[in-house]
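If you want the building blocks of each chain, they are given just below.
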Amino acid sequence: MKYIITTLSKATDIGINPIGHLKKGENIILNEKELISNALLVGDLDQKIKGIGAKAYTSLYIKRLIKAEGYGI
């Protein structure tokens, strides 16, 4: 599974409710299923990630990032 870091404003623009997501400042972490099933974005996962100007990370990397940077709900 991939995890995507984007901004809160971009996430809400595509209809994602930030409640219950890990956040830090203006950044929010989404999982790939949230983008794959999003009807407002077109293309495959990589195109959807680029469409919102985000970056994708592996689960191992994102776990380290959450701890290191202090993401929280």
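Criteria and cut-off values
- Residues numbered from 1 in each chain as written.
- Predicted model: local features only at pLDDT ≥ 70, side-chain atom pairs only at ≥ 80, totals over all residues.
- Heavy atoms only, no water.
- Pairing = 2+ DSSP bridges.
- Helix = DSSP H or I, 4+ residues; strand = E, 2+ residues; numbered from the N terminus.
- Core = buried A, V, L, I, M, F, W, Y, C linked by side-chain atoms within 4.5 Å.
- Buried < 20%, exposed > 50% of the residue type's maximum accessible area, 1.4 Å probe, protein only.
- Contact = heavy atoms within 4.5 Å.

**Student:** When you look at the pairing of strand 3 (residues 27-31) in this model, what are you seeing that I'm missing?
**Tutor:** Consecutive side chains of a regular strand alternate in pointing toward one face of the sheet and then the other. As defined by bridge partners, strand 1 (residues 2-7) adjoins strand 3 across five bridges and the pair is classed as antiparallel. Among the inter-strand pairings, Ile 5 is bridged to a residue of strand 3, identified as Ile 29. Here two bridges tie strand 2 (residues 23-24) to strand 3, and the two strands are oriented antiparallel to one another. Across the sheet, residue Lys 24 finds its bridge partner in strand 3, namely Asn 27. Taken together, strand 2 and the strand that follows it, strand 3, pair antiparallel across an intervening segment of two residues, in which Gly 25 is found at a positive phi of about 60°.

**Student:** I'm lost on the nonpolar core in this one. Help?
**Tutor:** General note: in soluble globular proteins, nonpolar side chains tend to be found buried as a group. Membership of the largest hydrophobic core comes to 13 residues, with the highest contact counts inside it found for Ile 14, Leu 35, Ile 49 and Ile 52. Excluding anything up to four places from it in sequence, Ile 49 contacts Ile 4, Leu 35, Ala 54, Lys 55 and Ala 56. In this structure, Ile 5, Ile 29, Ile 62 and Leu 65 belong to the second largest nonpolar core, which totals five residues.

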